[in-house]
Structures are given as C-alpha cells and as structure tokens.
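Coordinates in review
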Amino acid sequence: MRGGHDLGGRQGFGPVNPEPESEEPIFHDEWERRVFALTMATGMLGQWNIDQSRHARERQHPVAYLEQSYYENWLAGTEKLLIETGLISEGELRSGAATEKCGKELRIPDAEAARKILTSGGPAAREIENPPRFAAGNEVIVKRRHTLRHTRAPDYAQGCRGLVREHHGAHIFPDANCDGEPVAHHLYSVEFPSRELWGGGAEPFDVLIDLWEPYLTLVDGNGE
Amino acid sequence: MSSDHSHLPSETELRAKALESLLVEKGLVKPEALDAIIETYQDKVGPRNGAHLVALAWTDAEFRQRLLADASAAAAEMGYFGRQGEHLKAVENTPEIHNLVVCTLCSCYPWTVLGLPPVWYKSAPYRSRAVSEPRSVLAEFGAELPEEVRIRVWDSTSEMRYLVVPMRPAGTEDWSVEQLQRLVTRNAMIGVEQALAPERLAP
C-alpha cells in the first residue's frame, strides 16, 4: 500500500540532522526500551509474522505515521496486532486491567528462550521447484500496482525499467506472507539508474532494490 | 516522523507502561524475557561486530573474499548471527564506487553486525532522500565524494541486509585488527561516511 511509510523520493522533510554517532544513545527514553522489548516478546508468541507486523504499522493514517516517532509507530502496531489476534481486548487496552482470558495455548518465552530466538534468527530463504525466470543482465520493468495490501515494491520504482544484477534465490513473498501464506518466490537485486527513477535532471547514481519475481515483467515481453 | 525526542508526550509513556503491565498480568510476556531482549541489543550486539569484520577483511585477503562471497557465513564464523542478519551481503567501497544503505519502506538494518539503527536512519528525511539525492545526504554527514565516484544506493526492501565495507584509510599499513577496528564507525558501515583517518582517532 502507498501509505505514509512509502517514503522513497518524497519531498519536503528537510535535512537529516543526525545526532553525532558518539553521542547517540541506543534508546532515547525508558518507554522506547519497553516498547522495543514488548514488540519483540509478543512477536515471539507466533501469532503474526514480520510482514503482518510491518503492515500493522503501515495501516495507519499517513499523517499519524509521519507525525509519530519510530517507537510510537511500533507501539501502535503492536497494540493493533494484540487486539486483532484476540490476545487482548480493546477494553483491556483502555482500562489496563486484565478482564478476559485470551483462550489460546501459547508458549511464553522465558529469558533463555528469548535469547535463543534472537541468536538463531529466522531465515526467509526457501527451496522452490520452479526455476528463476530472470537472470543477471535481463532488463525488467516493475509492474504498477495500486493495492491496499502489504507490498515491498516501493512506489518510486513502479513503472521503472532496471537491470537484474543478482538472483538471491527464493525468499518468502511478503505480499502473501502478510495474508498468512508463507509462499516463496525468486528474489532479485535490480539496478536502476537515477535518471530512470527521477528524470534527466537527477544527480548520477544507481539504486539497487530487492524485488520478487511477481513484481517484475521482462522487457522483451517473454516474461509476462 | 518526528525526530524530536526530548519532549515526547507522556501519554505514550503511560500507554507503554499500561500495555506492559497488562501483558505481564495476562501472562503473555515474562519480565525476564523483556530484560533479556533489552540486554541483547543494549550491551551485546552492536557496531563493534561489524567493525571487527571490516578490519578482518582489510587485513586478511581470504576472509575478505569469504565476506564478499557470503557475508552471513563469514559473520557466523566470528559468532555474529541471529535476527536481522540471516541474509547478509557485504558491499565494498572502491575508488570508483561508494555504497550507501537505506530502507525506504521501514527500517531494515543488519542488527547482528550493527545493532539497532540510529534515529536518523529511521527518519523521513533520510528514507526519502537517500534514493533521490544521495550526494546531498552524504554532504550533510560531511562526506564529500570526488565527482567521478559513482554512488550505489541499496534499498533494503527484502530480508537481505547490507553492510558497507569502507575503504581502508591510508597510513594504516602496519596496524593490527584491534587498532583498525577503531577507525570503522557505524556510519561508515551504513555508507554515510568514510572510515576515520588515523589522525581523527581520539587519543
């Protein structure tokens, strides 16, 4: 979806204003630390995946997404997922008091289990039967799509022509994973010259974007 | 997104507290697990890991090859593996190419080697401009690149995670891995700066 999160090439946000690296704390406030940990810990309950978690943050009014700080968006997304999966109710969230049983058999990670989940990771690569349709050197176009669903094809690249640079194998496809269907598609690194993305007046550089096969059409017409 | 973190509404603080006590009361999270998660990213995983890999790549040609061929495996050799580092790719700066990493859609970042991303990396100005005017973004970080250097921006739209291997500064030929590591800043491994010149190291 083209929500407030799809920021590539948007204008008017001003300078980056980075804090000096040596002075920047990892968290700027105690509540950020708590929101980070709560989001990670509830994610470990296995009731939603990473794309559903991203989509929960994206499904906000764009003004809210842009006005809130990063961890405020995390908090909003986590609250939404907890309610939608029935782990907590709206009433409980408002009152702060537990009044209902969640009714699910869940394995709640202790410290050791949490550490293990963090250090073992969860690879997105999968073996699939069908061979890749594109190879390094192919010219492709990113399909234009207007969808409310979660997607990782950024708006600024849609309709643009690029060159396949590398095939990463097949990875879980976010658009389907967000609907709870962890199917995999071939993933490619596709290179776009800046003039293709932004027109002839752009400073010269290249952007490489990771794009899944269903996002792409082969330029010679054989791809689709 | 707002980058002003000094005056956050206390409403958010209260909401976070209320949610935590609700979840603990319902038995959906264990406080000890929350502490373990915070401790992992506050104290254990951070940009020192990435700096170690870069310094090794600068000093050991075989390790450099392994890092560029399969960074997840090379990082795992050093014990750096886990969440947000499952599919790591190292991209090397050269006199012709300068690499810069962004995630325009959210905040994807190689946690296993850099820790959690800084605020600016997650901010609207960086996410919007890194893919449309990278040279002026670099200038704001004080990195002026020669005209002939081609910038290559990596937009992390998938679970692939990118680590920039900056160029080794001149005058460090006889330096050890431990010494070199101190020149490799987090920002250099995102690509918004070069590695520090030796004279810029604090004594």
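Residues numbered from 1 in each chain as written. Chains lettered and ligands numbered in written order. Predicted model: local features only at pLDDT ≥ 70, side-chain atom pairs only at ≥ 80, totals over all residues. Heavy atoms only, no water.

Below, the discussion takes up unusual backbone geometry. One non-glycine residue, Asn17(A), lies in positive phi territory at about 50°. When its relative accessible area of 60% is taken as the criterion, Asn17(A) is described as exposed. A positive phi angle is found at Gln84(B), which is not glycine, with a value near 60°. For Gln84(B), the location among the structural elements is in the loop between α5 (71-77) and β1 (87-92). (Buried < 20%, exposed > 50% of the residue type's maximum accessible area, 1.4 Å probe, protein only. Helix = DSSP H or I, 4+ residues; strand = E, 2+ residues; numbered from the N terminus.)

Quick look at the domain arrangement of chain A now. Residues and elements named next belong to chain A. Taken domain by domain, chain A holds domain 1 (21-120) and domain 2 (126-218). For domain 1 and domain 2, the distance between their C-alpha centres works out to 29 Å. Between domain 1 and domain 2 lies a buried interface of about 610 Å² when both sides are counted; carbon and sulfur atoms form 43% of it. Of all residues in domain 1, Asp51, Gln52 and His55 bury the most surface against domain 2, accounting for 63% of the area lost on that side. Summed over the shared surface of domain 1 and domain 2, the result is zero salt bridges. There are five residue pairs in polar contact (both at pLDDT 80 or more) connecting domain 1 and domain 2. Of the residues contributing to the side of domain 1 that touches domain 2, the split by class is no nonpolar, three polar and three charged. (Domains from an automatic or database assignment. Buried area = accessible area lost by both parts, 1.4 Å probe. Salt bridge = Lys/Arg side-chain N within 4 Å of Asp/Glu carboxyl O. Polar contact = N/O pair within 3.5 Å; in protein donor to acceptor, adjacent residues only side chain to side chain. Nonpolar A, V, L, I, M, F, W, Y, C, P; charged D, E, K, R; others polar.)

With 94 residues of chain A at the contact, the number on the chain B side is 81 residues. Both faces combined, the contact of chain A with chain B buries some 7,800 Å², and carbon together with sulfur accounts for 61% of it. Per-residue buried area on chain A facing chain B is highest for Val16(A), Glu21(A) and Tyr70(A); these three make up 9% of the total on that side. On inspection of chain A and its partner chain B, the count reaches seven salt bridges. Among the ionic pairs, Lys26(B) bridges to Glu92(A), the shortest N-O distance being 2.9 Å. One can count 39 residue pairs in polar contact (both at pLDDT 80 or more) joining chain A with chain B. Ranked by residue count, the leading element in the side of chain A that touches chain B is helix α1 (residues 30-43) of chain A, at eleven residues. Grouping the amino acids of the side of chain A that touches chain B by side-chain chemistry returns 51 nonpolar, 19 polar and 24 charged. With five bridges joining them, strand β5 (residues 205-212) of chain A and strand β3 (residues 150-155) of chain B adopt parallel strand pairing. The residue of β3(B) that forms the bridge with Asp206(A) is Arg152(B). (Contact = heavy atoms within 4.5 Å. Pairing = 2+ DSSP bridges.)

The nonpolar side chains of a soluble globular protein tend to be buried with one another. Ranked by size, the top nonpolar core spans 116 residues in total, and within it Phe36(A), Tyr71(A), Leu211(A), Leu216(A), Ile37(B), Leu67(B) and Tyr126(B) carry the most contacts. Once you skip the residues sitting within four places of it in the chain, Leu211(A) turns out to touch Val142(A), Arg152(A), Ala153(A), Pro154(A), His186(A), Leu187(A), Tyr188(A), Val190(A), Phe192(A) and Leu216(A). (Core = buried A, V, L, I, M, F, W, Y, C linked by side-chain atoms within 4.5 Å.)

Below, the discussion takes up the environment of Ser136(B). Topologically, Ser136(B) is positioned in helix α8 (residues 134-140). A relative accessible area of 25% places Ser136(B) in the partly exposed class. Not counting residues up to four positions away in its chain, the partners in contact with Ser136(B) are Glu203(A) and Arg129(B).

Per the domain assignment, the segments making up chain B are domain 1 (10-42) and domain 2 (46-200). Each of domain 1 of chain B and domain 2 of chain B was reduced to a C-alpha centroid, and the two centroids are 32 Å apart.

Scanning all chains against the criterion turns up 21 aromatic pairs over all chains. Measuring from ring centre to ring centre gives 5.6 Å for Phe36(A) and Tyr41(B), while their planes differ by 90°; the resulting arrangement is edge-to-face. Note that Phe36(A) is positioned in helix α1 and Tyr41(B) in helix α2 (residues 31-44), a pairing that runs across two chains. By the burial criterion, Phe36(A) is buried, and Tyr41(B) matches it. Members of the aromatic cluster, connected to one another through ring pairs, are Phe27(A), Phe36(A), Tyr70(A), Tyr71(A), Trp74(A), Tyr41(B) and Trp111(B). (Phe/Tyr/Trp six-rings, centres within 6.5 Å; stacked < 30°, edge-to-face > 60°.)

Attention now goes to the environment of Ile88(A). Following the sequence through the fold, Ile88(A) ends up in the loop between α4 (70-84) and α5 (90-95). Residues Ile88(A) and Phe13(A), 75 residues apart in the sequence, show an inter-C-alpha distance of 36 Å. Sequence-distant contacts of Ile88(A), defined by excluding residues within four places in its chain, comprise Leu82(A), Ile83(A), Leu93(A), Leu19(B), Leu22(B), Leu23(B), Lys26(B) and Leu28(B).

A few words now on the pattern of salt bridges. For side chains bearing opposite charge, pairing can occur when the charged atoms are close. Enumeration over the complete set of coordinates arrives at 23 salt bridges over all chains. Linking Glu30(A) and Arg34(A) is a salt bridge whose minimum nitrogen-to-oxygen distance equals 3.5 Å. With Glu30(A) and Arg34(A) both in helix α1, this residue pair falls four residues apart, about one helical turn. Of the charged contacts, one joins Arg129(B) and Glu140(B) as a salt bridge, the two residues approaching to 2.7 Å between their closest N and O atoms. Linking Arg129(B) in helix α7 (residues 124-129) with Glu140(B) in helix α8, this pair joins segments that are eleven residues apart in sequence. Taking the relative accessible area as the measure of exposure, Arg129(B) reaches 9% and is therefore buried. Assessed through its relative accessible area of 33%, Glu140(B) is described here as partly exposed.

Residue and element names in this part refer to chain B. With five of its six residues buried, β1 lies for the most part within the structure. Two strands pair when backbone bridges link them, and β1 and strand β4 (residues 160-165) are joined in this way by six bridges, in the parallel orientation. If you follow Glu92 over to β4, its bridge partner there is Val165.

Before going further, it helps to spend a moment on the side chain of Asp206(A). Note that Asp206(A) resides in strand β5. Judged by its relative accessible area of 9%, Asp206(A) is buried. Residues within four places of Asp206(A) in sequence aside, it is in contact with Glu191(A), Phe192(A), Pro193(A), Arg150(B), Ile151(B), Arg152(B) and Val153(B).

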